[in-house]
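Topology and contacts: notes
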Amino acid sequence: MKKISSVLLLSLVSILLIGCSQKIIFPVSKVIPSADAVAKIKKDKNNNYQIDLEVKNLTSPDRLSPPRLMYVVWIKTDKDTINLGQLKSSKSMFSSSRNASMTTTTPHKPSYFMITAEDQANNKHPGLQVVLESSVEDN
């Protein structure tokens, strides 16, 4: 009876751990100190990684020095740096703050996140103007 209870408990814990998401809180940015960014990573049943990224109080990229046209989200993996795409931002209806979000799925396990200010969304490598970054392992 004890063995059956132990097996059931271990199975339940395993299921809960698989269904849980990892929350990545980005440290305060030197470029945009008001920005609050959080990413959630969840492994799905197909062994892909679902990434939900939310950024609050994001400055418009044309107000940076030098001004840029957009923000691009990148992940580093154990093999490469991958462009996840443009981060679209918009103003809140009742506030002047800019918010942005992105939901995407990738087969690559992220170890590091970067958001860069860019003039093109389809760059193969991140530019030098990194506005937010965070290591997955540090969270």
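See the structure printed just above.
Notes on the structure in this doc start here. Since the model is a prediction, treat every value here as computed from it, not as a measurement.

What follows deals with the nonpolar core. Generally speaking, a soluble globular protein has its nonpolar side chains buried in company with each other. Of all hydrophobic cores here, the largest spans 27 residues; its most connected members are Phe26, Leu53, Val55, Tyr71, Leu87, Phe113 and Ile115. The set of elements that each furnish at least two residues to this core consists of β2 (36-43), β3 (49-56), β4 (70-76), β5 (81-87), β7 (98-106), β8 (112-118) and β9 (130-135). If one sorts the elements of this core by residue count, β3 sits on top with four residues. Apart from residues lying up to four places away in sequence, Val55 is in contact with Ala35, Asp36, Ala37, Leu87, Arg98, Asn99, Ala100, Ile115 and Leu132.

Turning next to the environment of Pro67. Tracing the chain through its elements places Pro67 in the loop between β3 and β4. Remark: the alpha-carbon pair of Pro67 and Ala117, spanning 50 residues in sequence, is separated by 8.4 Å. If sequence neighbours within four positions are ignored, Pro67 has contacts with Pro61, Asp62 and Asp119.

Criteria and thresholds
- Residues numbered from 1 in each chain as written.
- Predicted model: local features only at pLDDT ≥ 70, side-chain atom pairs only at ≥ 80, totals over all residues.
- Heavy atoms only, no water.
- Core = buried A, V, L, I, M, F, W, Y, C linked by side-chain atoms within 4.5 Å.
- Buried < 20%, exposed > 50% of the residue type's maximum accessible area, 1.4 Å probe, protein only.
- Helix = DSSP H or I, 4+ residues; strand = E, 2+ residues; numbered from the N terminus.
- Contact = heavy atoms within 4.5 Å.

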